[in-house]
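# Per-entry structural report
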Amino acid sequence: EGTGLLHMMRGEWYDSVSCLITFSRAARESKPSEVSEFRHVLVRLMSLCHACALAEIKEISTMEELDTIDTTGIDDSTLLFLQECQKRYNFNRVE
């Protein structure tokens, strides 16, 4: 049952990202660089969300053990904010 729930969670992340990428199609012609950046950041953030959920299930405290899509596409202030949230609230997920 646990494996099935993990697959379902991954499917939910995928569906969410797919919808947001589809919604951004309307702006692709007028703002191509902004749309491209949005899409890249979106995929990286969802990769981090999935890794955080897996880290919580696995009960590990560091993200180094889990693979994520390259985080260099996310600005430093966002990464610092995410780290602060993890430390301040003592959990990985954002509610």
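Going by the structure above, here's the rest.
Residues numbered from 1 in each chain as written. Predicted model: local features only at pLDDT ≥ 70, side-chain atom pairs only at ≥ 80, totals over all residues. Heavy atoms only, no water.

## Topic: the side chain of S24
Take S24: it is sitting in the loop between α1 (2-23) and α2 (32-58). Once you skip the residues sitting within four places of it in the chain, S24 turns out to touch V35, F38 and R39. (Helix = DSSP H or I, 4+ residues; strand = E, 2+ residues; numbered from the N terminus. Contact = heavy atoms within 4.5 Å.)

## What about α2?
Taking 1.5 Å of rise per residue, 27 residues should cover 39 Å, and α2 covers 39 Å from first to last C-alpha, within 8% of that figure. For α2, the complete set of buried residues consists of V35, R39, L42, R44, M46, S47, L48, H50, A51, C52, A53 and A55. Close packing links the buried residues of α2 with α1 and α3 (76-89). Immediately beyond the C-terminal end of α2, within one or two residues, lies E59, with a positive phi of roughly 60°. (Expected span 1.5 Å × (residues − 1). Buried < 20%, exposed > 50% of the residue type's maximum accessible area, 1.4 Å probe, protein only.)

## Let's talk about the packing of α1 against α2
The geometry of α1 relative to α2 is characterised by a closest axis approach of 10 Å and an angle of 165° between their N-to-C directions. By the angle class used here, α1 and α2 are roughly antiparallel. The handedness of the crossing between α1 and α2 is right-handed. For the pair formed by α1 and α2, the contact residues are L6, M9, R10, W13, S16, V17, L20 and I21 on the first element and F38, R39, L42, V43, M46, C49, H50, A53, L54 and I57 on the second. (Axes fitted to C-alpha atoms, helices over the stretch in contact; angles between N-to-C directions. Parallel < 35°, antiparallel > 145°, perpendicular 65-115°, else oblique. Left-handed = near helix turned anticlockwise from the far one by under 90°.)

Function cannot be inferred from these measures alone, as they are strictly geometric.
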